[in-house]
Amino acid sequence: MSKPPVLRAENITKRYGKKVVLNNASLSICERELKILIGPSGSGKSTFLQCINFLVTPDRGRVWLDGREILRTHKRDLNAYRQKVGMIFQDFNLFDHLTALANVEIGLTRVRKMGKEEACEKAMQELDKVGLRDHIAKYPAQLSGGQKQRVSIARALAMDPEVMLLDEPTSALDPELITEVLAVIKDLRANGMTMIMSTHQLNFASEVADEIIFLEDGIIVEVGPPDKILYEPECERTIQFCSKMRELYGNSR
Amino acid sequence: MGEMDFIQNEVLPSLFEGLGTSILLIIPSAVFGLVIGVAIGVFRVFGNPLTEKLASTYVAIFRGFPLVVQLFIWYFGLPHLGIYFSPYTASIIGFSLCSGAYHSEYVRGALLSIKRGQLLAAQALGFTRTGTIVSVILPQALRRALPGCGNELIYLIKYSSLAYMITCIELTGKGKIIASETFKFTEIFMIIGIFYLVMTTIAGRLLQYVEFRLEIPGFEHYGA
């Protein structure tokens, strides 16, 4: 069980002005693992994920992929690293001027310099995997929220990432659409994708996570397997948070 | 009917010649102006502090100096520094730089309207900054800038009439010469006015067509 981690982030700290949004947060993840970040809004989950691929520049902290440290000042290394770490955003961030197909193709043709035909074929495959074969010609404005999020997952998968970061992928969706996106994520999990995900879906977390990380006020309060964090947490704050979430969304057991 | 004959035989051929010159001034100035405008707009929004400052200064100067004064500097002023431009070249330089300054404001506004998430998503895929701007931001922003830039192109058609002030005799210049020879100011300038009206109408239609061709779901213009 002592496999080296695929991705490791250590002592990530981020301040906005005087407010410390993330304080010395560390995390490491091995191949095929799924770790889930939970915590109240504003606890630093998004910041943590965005610091991991340097969309937000951390004030302090280091990140390694496959044992190699990523130096964000090396633009070329950074861009190569970002190709290997797929990111899913809460509000999808599909490219609004491109069809679903073109959204998936563009990273392949412009970043990976793949030929147009090959890129098209791969993009079709990825969209097929997320069940959107019939919607490839639609623009984001013509897709439902769940479909948009699935396109964005296909777009990230097309780059063949080693790790995926999912930043509250279902928070902007209404309840019916959440299921279709969670199903895709479960599929990824079953196929062995390594993932770090923040979410408020505790039921989902308890079902699929290898480990749950509870974050509050930028500090990692408690880490452990789902059964422990969700049902027998040690810290007072974790107990409060989990029972409140269960009141809202119902108990999974 | 002598009047009509005179206009048909003497005035119109001369004005058409001027119109040709006007068109030769407008088209390159429009193209250069747009290119400059997009570049300056991008520098102002995505540039480093230095290029941002330079671009802002450029806009301040070229929007701040009256266009006639700019033309005088290009044509009458620079020869004192040993730089000579033909009236035609000086006009194109003047128009392009002035037009670019105005375009850049429309482009800047459009760039600022693109949500940050678009930039983040491209970066997360491994796009370089330039790649993000070229492949993701500009295609969206230019669609939004089009109505404003179209407005500027229409202006350009009309302010091309200033070229005659630096002896580049285009439509208005021709008209002024004939008018002062014949004293038929009203007729001749009415005709010239109609010429410009036709040009701006055609340009307006073309722009509408371009907007229509580039329209995609999510970027359409609502309303009638």
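(A) Quick look at the overall build of chain B. From N to C terminus, chain B includes 8 helices and 0 strands. Listing every helix and strand of chain B by position from the N terminus yields α-α-α-α-α-α-α-α. Expressed along its principal axes, the backbone C-alpha trace of chain B runs to roughly 75 × 50 × 20 Å. Counting the 224 residues in chain B, one finds 46% classified as buried. Counted over contacts in chain B with a minimum sequence separation of 6, partners at least 24 positions apart contribute 75%. A total of about 11500 Å² of accessible surface is found on chain B, and carbon and sulfur atoms cover 69% of it. Distance between charge centroids for chain B: 17 Å, based on 15 positive and 13 negative side chains.

(B) The arrangement of the nonpolar core in detail. With 105 residues, the main nonpolar core has A:Ile38, A:Tyr81, A:Ile153 and A:Met164 as its most contacted residues. Not counting the four nearest positions on each side in its chain, A:Tyr81 is found in contact with A:Leu7, A:Ile52, A:Asn53, A:Phe54, A:Val63, A:Leu65 and A:Ile70. If you look at the next biggest cluster of nonpolar residues, it comprises 41 residues, including B:Ile7, B:Ala90, B:Ala179 and B:Ile191.

(C) Fine view of the side chain of A:Thr170. Its place among the elements puts A:Thr170 in the loop between strand E7 (163-167) and helix H6 (175-190). Its relative accessible area of 2% is what places A:Thr170 among the buried residues.

(D) Fine view of the packing of helix H1 (residues 2-46) of chain B against helix H2 (residues 49-64) of chain B. Residues and elements named next belong to chain B. As a packed pair, H1 and H2 sit with axes 8 Å apart at the nearest point and diverge in direction by 130°. Considering the angle they form, H1 stands oblique to H2. As H1 runs across H2, the sense of the crossing is left-handed. Along its contact with H1, which presents Ile36, Ile40, Phe43 and Arg44, the element H2 presents Thr51, Glu52, Ala55, Ser56, Tyr58 and Val59. Of the residues belonging to the contact of H1 with H2, the class tally is 6 nonpolar, 2 polar and 2 charged.

(E) Looking closely at the sheet that holds strand E3 (residues 34-38) of chain A. Residues and elements named next belong to chain A. Taken together, the 6 strands give an open sheet; going across it, the order is E6-E7-E8-E3-E9-E10, and neighbouring strands pair in mixed fashion. Of all the strands in the sheet, the pair left with one neighbour each is strand E6 (85-88) and strand E10 (219-224). Neighbour-to-neighbour, the strand axes of the sheet open up by a mean angle of 15°, direction not taken into account. Direction of pairing for E7 relative to strand E8 (residues 194-198): parallel, over a ladder of 5 bridges. Paired with valine 163 across the two strands is threonine 194, which belongs to E8. Relative to E8, H6 is tilted by about 150°, and along the sheet it contacts E3, E7 and E8.

(F) A look at the interface of chain A and chain B. Between chain A and chain B, the contact holds 23 residues from the first and 21 residues from the second. Together, the buried faces of chain A and chain B total about 1900 Å²; carbon and sulfur atoms form 65% of this surface. Sorting the residues of chain A by area buried against chain B places A:Phe95, A:Asp96 and A:His97 first, and these three jointly supply 31% of that buried surface. Put simply, chain A and chain B have 0 salt bridges between them. Run the count over chain A and chain B and you get 6 residue pairs in polar contact (both at pLDDT 80 or more). If you list the elements that add at least two residues to the side of chain A that touches chain B, you get helix H2 (75-84), E6 and helix H3 (100-111) of chain A. Looking at the side of chain A that touches chain B element by element, the count peaks at 4 residues for H3(A). Per-class residue counts for the side of chain A that touches chain B are 11 nonpolar, 8 polar and 4 charged.

(G) The pairing of strand E4 (residues 60-65) of chain A, seen in detail. Residues and elements named next belong to chain A. Where strand E1 (residues 7-16) lies against E4, 5 bridges are found, and the strand directions are antiparallel. In the sheet register, arginine 8 faces E4, and the bridge partner there is tryptophan 64. Pairing of E4 with strand E5 (residues 68-69), which is carried by 2 bridges, proceeds in the antiparallel orientation. Residue tryptophan 64 lies in a different strand from E5, and its bridge partner there is glutamate 69. Here E4 folds back onto E5, and the loop between the two strands holds 2 residues, one of which, aspartate 66, carries a positive phi near 50°.

(H) Spotlight on the packing of H3(A) against helix H4 (residues 116-129) of chain A. All names here are of chain A. In the contact formed by H3 and H4, the axes pass within 8 Å of each other and the chain directions differ by 130°. One element, H3, and the other, H4, form an angle in the oblique class. Between H3 and H4 the crossing geometry is right-handed. Packed against H3, whose contacting residues are Ala100, Leu101, Val104, Glu105, Leu108 and Thr109, the element H4 presents Lys116, Ala119, Cys120, Lys122, Ala123, Met124, Glu126 and Leu127 at the interface. The residue inventory of the contact of H3 with H4, partitioned by class, reads 9 nonpolar, 1 polar and 4 charged.

(I) Quick look at the environment of B:Lys174. Residue and element names in this part refer to chain B. On the secondary structure map, lysine 174 appears in helix H7 (residues 171-182). A C-alpha to C-alpha distance of 5.8 Å links lysine 174 and glycine 18, two positions 156 residues apart in sequence. Setting aside residues no more than four positions away along its own chain, lysine 174 makes contact with Ser14, Leu15, Glu17, Gly18 and Ile169.

(J) Quick look at the pattern of salt bridges. Residues and elements named next belong to chain A. Applying the stated criterion across every chain, the model contains 20 salt bridges over all chains. Lysine 186 is the partner of glutamate 207 in a salt bridge, and the nearest nitrogen-oxygen pair spans 2.9 Å. Of this pair, glutamate 207 sits in helix H7 (residues 202-208) while lysine 186 sits in helix H6, placing them 21 residues apart in sequence. A relative accessible area of 54% means that glutamate 207 is categorised as exposed.

(K) Inspection of the packing of aromatic side chains at higher detail. All names here are of chain A. Tallied over the entire structure, the rule returns 10 aromatic pairs over all chains. Ring centres 5.2 Å apart and planes at 40° place the aromatic pair phenylalanine 214 and phenylalanine 241 in the tilted group. Of this pair, phenylalanine 214 sits in strand E9 (residues 211-216) while phenylalanine 241 sits in helix H9 (residues 236-249); the two residues are 27 residues apart in sequence, bridging distant segments of the chain. For the pair phenylalanine 214 and phenylalanine 241, a shared accessibility class is recorded, and that class is buried.

What counts, and at which threshold
Residues numbered from 1 in each chain as written. Chains lettered and ligands numbered in written order. Predicted model: local features only at pLDDT ≥ 70, side-chain atom pairs only at ≥ 80, totals over all residues. Heavy atoms only, no water. Helix = DSSP H or I, 4+ residues; strand = E, 2+ residues; numbered from the N terminus. Buried < 20%, exposed > 50% of the residue type's maximum accessible area, 1.4 Å probe, protein only. Contact = heavy atoms within 4.5 Å. Areas by Shrake-Rupley, 256 points an atom, 1.4 Å probe, with all protein chains shown as cover. Lys, Arg positive; Asp, Glu negative; His and termini not counted. Charge placed at Lys NZ, Arg CZ, Asp CG, Glu CD. Core = buried A, V, L, I, M, F, W, Y, C linked by side-chain atoms within 4.5 Å. Axes fitted to C-alpha atoms, helices over the stretch in contact; angles between N-to-C directions. Parallel < 35°, antiparallel > 145°, perpendicular 65-115°, else oblique. Left-handed = near helix turned anticlockwise from the far one by under 90°. Nonpolar A, V, L, I, M, F, W, Y, C, P; charged D, E, K, R; others polar. Pairing = 2+ DSSP bridges. Buried area = accessible area lost by both parts, 1.4 Å probe. Salt bridge = Lys/Arg side-chain N within 4 Å of Asp/Glu carboxyl O. Polar contact = N/O pair within 3.5 Å; in protein donor to acceptor, adjacent residues only side chain to side chain. Phe/Tyr/Trp six-rings, centres within 6.5 Å; stacked < 30°, edge-to-face > 60°.

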